[in-house]
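# Geometric and topological summary
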Amino acid sequence: MSYKIKSLLYFVCFVASAVLYYALEPEYNNKNNRDSAEIIELPSNNLDLDNKLAKLEKIQE
């Protein structure tokens, strides 16, 4: 068997195994990751940068 044919056969087997692995992977793991996403709301008083900047400018003057 020539080198090119053997390489093509290995490549086809690799692609087939990758497709089978993806197809047989359980989908519930992906759904759980998407469904369990949470949004965290931070209190806005800690993020009031304008007031903090104004206080810092007063201190520097």
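Structure: above.
How each quantity is defined
- Residues numbered from 1 in each chain as written.
- Predicted model: local features only at pLDDT ≥ 70, side-chain atom pairs only at ≥ 80, totals over all residues.
- Heavy atoms only, no water.
- Helix = DSSP H or I, 4+ residues; strand = E, 2+ residues; numbered from the N terminus.
- Buried < 20%, exposed > 50% of the residue type's maximum accessible area, 1.4 Å probe, protein only.
- Areas by Shrake-Rupley, 256 points an atom, 1.4 Å probe, with all protein chains shown as cover.
- Expected span 1.5 Å × (residues − 1).
- Patch = residues over 30% accessible without salt bridge, like charges linked within 9 Å, V, L, I, M, F, W, Y side chains within 5 Å.
- Salt bridge = Lys/Arg side-chain N within 4 Å of Asp/Glu carboxyl O.

### Notes on the overall build of the chain
Counting its secondary structure elements, the chain contains three helices and zero strands. Written out in order from the N terminus, the α and β elements of the chain read α-α-α. Within the chain, buried positions represent 0% of all 61 residues. When the accessible surface of the chain is summed, it comes to about 6600 Å², and 61% of that surface belongs to carbon and sulfur atoms.

### A look at helix α1 (residues 3–24)
For α1, which comprises 22 residues, the first-to-last C-alpha distance of 31 Å matches the rise-based estimate of 32 Å (1.5 Å per residue) to within 8%. The buried fraction of α1 is low, at zero of 22 residues.

### Let's talk about a nonpolar patch on the surface
Judged by side-chain polarity, L8, F11, V12, F14, V15 and V19 come together as a nonpolar surface patch covering roughly 600 Å² of accessible area. Mapped onto the elements, L8 comes out in helix α1. The exposure class of L8 is exposed, given its relative accessible area of 53%.

### Observations concerning helix α3 (residues 49–60)
The end-to-end C-alpha distance of α3 is 16 Å, a good match for the 16 Å that 12 residues give at a rise of 1.5 Å each. The element α3 is largely exposed, with a buried count of zero among its 12 residues.

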